[in-house]
Amino acid sequence: MRLKTIRDIDVKNKVILMRADYNVPLDEEQKITSDLRIVTSLPTLQYLLDNGAKKIVIISHLGRPEGEDEKLSLHPVAERLGQLIKEKVGFAPLPKSPLVNQERVVLLENLRFDAGEEQNSEEFIKNIIDQVAPDFYVQDGFAVIHRAHASTDAVAKFLPVYAGLLIENEVEKLSQVTEDPEHPFVVVIGGSKVEDKQPLIDKFLTSADKIIVGGKIAADGYEAKSDKIYVAEDFDENLAGEKLDIGPLATVKIAEVLKDAKTVVWNGLLGKAEDPAYATASTVVAEILGETKGINSVICGGDTTGFVMELLKGHAGLNYSLISTGGGAALEFLLGQDLPGLDAISK
């Protein structure tokens, strides 16, 4: 897929309206507990700044508010973003009159404070556009491109839409594993809901050399319908007899398969990894993918990427080809489903 990106336009002295995904986790004091989604927006933002953009107004959502909710304000994000780019980031409510702000970079308040965002309201997004008066729209919120919302879909009726560098990278890496993976190609599937994972297994059954099934799916007795599928055969249990991680025999067999792989897609943890006692198999897989040179490794799914990012805090030497920022979006992309946000870029 060839997307129109910010590399295809001259942004010098232009006003840019940019959609980012700043749906970051907050603690009870509204402090950011992981700034991954802010950090991953920096290449696009820095590109626009370095190439002379006159003004960049960023829009995003946070959580699932029902109307305005101070606990879900994007104000902490504006402060953290300013620290990362080393300049003050303005913060403003959703504009009802022309946006007046002296800062070169401005973040608007949570889009979902207005019901028009999720209703894909043309009037809602047009009002923002009228007040910002942008020359271009940059879509860089990969995690929301599978939603037909005002900032992903309706916006294309009023502005030319270009992909940011984060979306460009996600699409490039995900396209590679679906269209032309280097072999041996291994898919690792975990998690708890077989109805969510079966379409992914079916999708890759013809192209993958091996599909590995672990997690609660395996513990609940998933039955392989192909010799290509390996289902974990032993498990670590708690005192109540609950199977909470795959066992040492399965872990060793999986490790042997992964060490010879050239392409690996991993979606779903192999155990109850939030408990360190049952994170062994997931840690082994993460370390093999991060330490073995020559593996094109794609990590997707919210729990899986969160686990890997937490692991990276103590293992700086681990390297992955892609830690996807989009859980549902990445899954739908891999399955070949239509994504309204990508369609808007392609128009």
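Figured I'd write up the structure that's included with this text. In this text, all values refer to a predicted model and were calculated from it rather than measured experimentally. (Residues numbered from 1 in each chain as written. Predicted model: local features only at pLDDT ≥ 70, side-chain atom pairs only at ≥ 80, totals over all residues. Heavy atoms only, no water.)

### What to know about the packing of aromatic side chains
Think of a pair of aromatic rings as described by two things: how far the centres are apart, and how the planes are tilted against each other in angle. The tally for this structure, following the rule as stated, stands at two aromatic pairs. Residues F185 and F204 carry aromatic rings whose centres are separated by 5.5 Å and whose planes lie at 85° to one another, so their mutual orientation is edge-to-face. Taken together, the positions of F185 in strand β7 (residues 185–189) and F204 in helix α6 (residues 194–204) put the pair 19 residues apart, joining distant regions of the chain. Residue F185 shares its accessibility class with F204, and that shared class is buried. One cation-aromatic arrangement involves K4 over Y162; the distance from NZ or CZ to the ring centre is 5.6 Å. (Phe/Tyr/Trp six-rings, centres within 6.5 Å; stacked < 30°, edge-to-face > 60°. Helix = DSSP H or I, 4+ residues; strand = E, 2+ residues; numbered from the N terminus. Buried < 20%, exposed > 50% of the residue type's maximum accessible area, 1.4 Å probe, protein only. Lys NZ or Arg CZ within 6 Å of the ring centre and 35° of its normal.)

### Concerning unusual backbone geometry
Of note, the amide linkage connecting H183 to P184 takes the cis form, showing an omega dihedral of 0°. Not every positive phi belongs to a glycine, and Q30 is a case in point at roughly 60°. Its place among the elements puts Q30 in the loop between β1 (15–19) and α1 (36–39). Under the relative-accessibility criterion, Q30 is labelled partly exposed at 26%. Positive phi, normally seen in glycine, also occurs at A133, with a value near 55°. Looking at where A133 falls in the secondary structure, it is placed in the loop between α4 (122–132) and β5 (136–139).

### Thoughts on the layout of surface pockets
Within this model, the largest pocket holds a volume of roughly 860 Å³. Lining the largest pocket are 36 residues, with D21, N23, R37, G302 and T325 sitting closest to its centre. With six residues, the single largest contributor to the lining of the largest pocket is helix α10 (residues 302–312). Its residues placed into classes, the lining of the largest pocket shows twelve nonpolar, 15 polar and nine charged. (1 Å grid on protein atoms, 1.4 Å probe; cavity = no way out; pocket = protein on both sides within 12 Å on 5 of 7 lines; lining within 4 Å. Points joined across faces, edges and corners; volume = space filled by probe spheres on them. Nonpolar A, V, L, I, M, F, W, Y, C, P; charged D, E, K, R; others polar.)

### A closer look at empty space enclosed by the protein
Tallied over the full model, the rule gives one cavity of 30 Å³ or more. Roughly 50 Å³ of internal volume is contained in the largest cavity. Considering the residues around the largest cavity, the lining is formed by D21, R37, T40, S41, D140, G141, F142, A143, L166 and T325. For the lining of the largest cavity, a count of residues per class yields three nonpolar, four polar and three charged.

### Quick notes on the side chain of S41
Topologically, S41 is positioned in the loop between α1 and α2 (42–50). At 2.7 Å, the side chain of S41 and the backbone oxygen of I38 are in polar contact. With residues near it in sequence (within four places) discarded, S41 still touches M18, Y22, D140 and L166. (Polar contact = N/O pair within 3.5 Å; in protein donor to acceptor, adjacent residues only side chain to side chain. Contact = heavy atoms within 4.5 Å.)

### Quick look at the sheet that holds β7
With respect to topology, six strands assemble into an open sheet ordered β9-β8-β7-β12-β13-β14, the strand pairing being parallel. Every other strand in the sheet has two partners, leaving β9 (229–231) and β14 (322–323) as the edge strands with one partner each. In the sheet, strand β12 (residues 263–267) pairs with strand β13 (residues 296–300) via five bridges, with the strands oriented parallel. The residue bridging V265 from the neighbouring strand is V298, located in β13. Where helix α9 (residues 280–291) meets the sheet, it contacts β12 and β13, and its direction lies at approximately 145° from that of β12. (Pairing = 2+ DSSP bridges. Axes fitted to C-alpha atoms, helices over the stretch in contact; angles between N-to-C directions.)

### Some remarks on the pairing of strand β11 (residues 243–246)
With three bridges joining them, strand β10 (residues 235–237) and β11 adopt antiparallel strand pairing. Of the residues in β11, the one forming a bridge with D236 is D245. Hairpin geometry of β10 and β11 is characterised by an intervening segment of five residues between the two adjacent antiparallel strands and by a positive phi of about 85° at G241.

### Description of the nonpolar core
With 88 residues, the main nonpolar core has I167 and W266 as its most contacted residues. The residues touching W266, leaving out its near neighbours within four places in the chain, are V188, S282, V285, A286, L289, V298, I299, C300, T304, F307 and V308. Counting residues in hydrophobic clusters, the runner-up holds 30 residues, among them I9, L62, I85 and L165. (Core = buried A, V, L, I, M, F, W, Y, C linked by side-chain atoms within 4.5 Å.)

### Side note on the environment of S207
Its location among the elements puts S207 in the loop between α6 and β8 (210–213). Distance in space between the C-alpha atoms of S207 and V252 is 24 Å, their sequence separation being 45 residues.

### Looking at the pattern of salt bridges
All told, the structure shown has eleven salt bridges when counted by the stated rule. Linking E29 and K31 is a salt bridge whose minimum nitrogen-to-oxygen distance equals 3.6 Å. Residue classification places E29 among the exposed positions, given a relative accessible area of 57%. (Salt bridge = Lys/Arg side-chain N within 4 Å of Asp/Glu carboxyl O.)

### A look at the pairing of β7
Working note: regular strand, side chains alternate between the two faces of the sheet. Most of β7 is tucked away, with five of its five residues classed as buried. Here β7 shows two buried faces, one formed by F185, V187 and I189 and the other by V186 and V188. With five bridges connecting them, β7 and β12 associate as parallel partners. Bridge assignment links V187 to a residue of β12, and that residue is V265. As defined by bridge partners, β7 adjoins β8 across four bridges and the pair is classed as parallel. Across the sheet, I189 pairs through a bridge with V213, a residue of β8.

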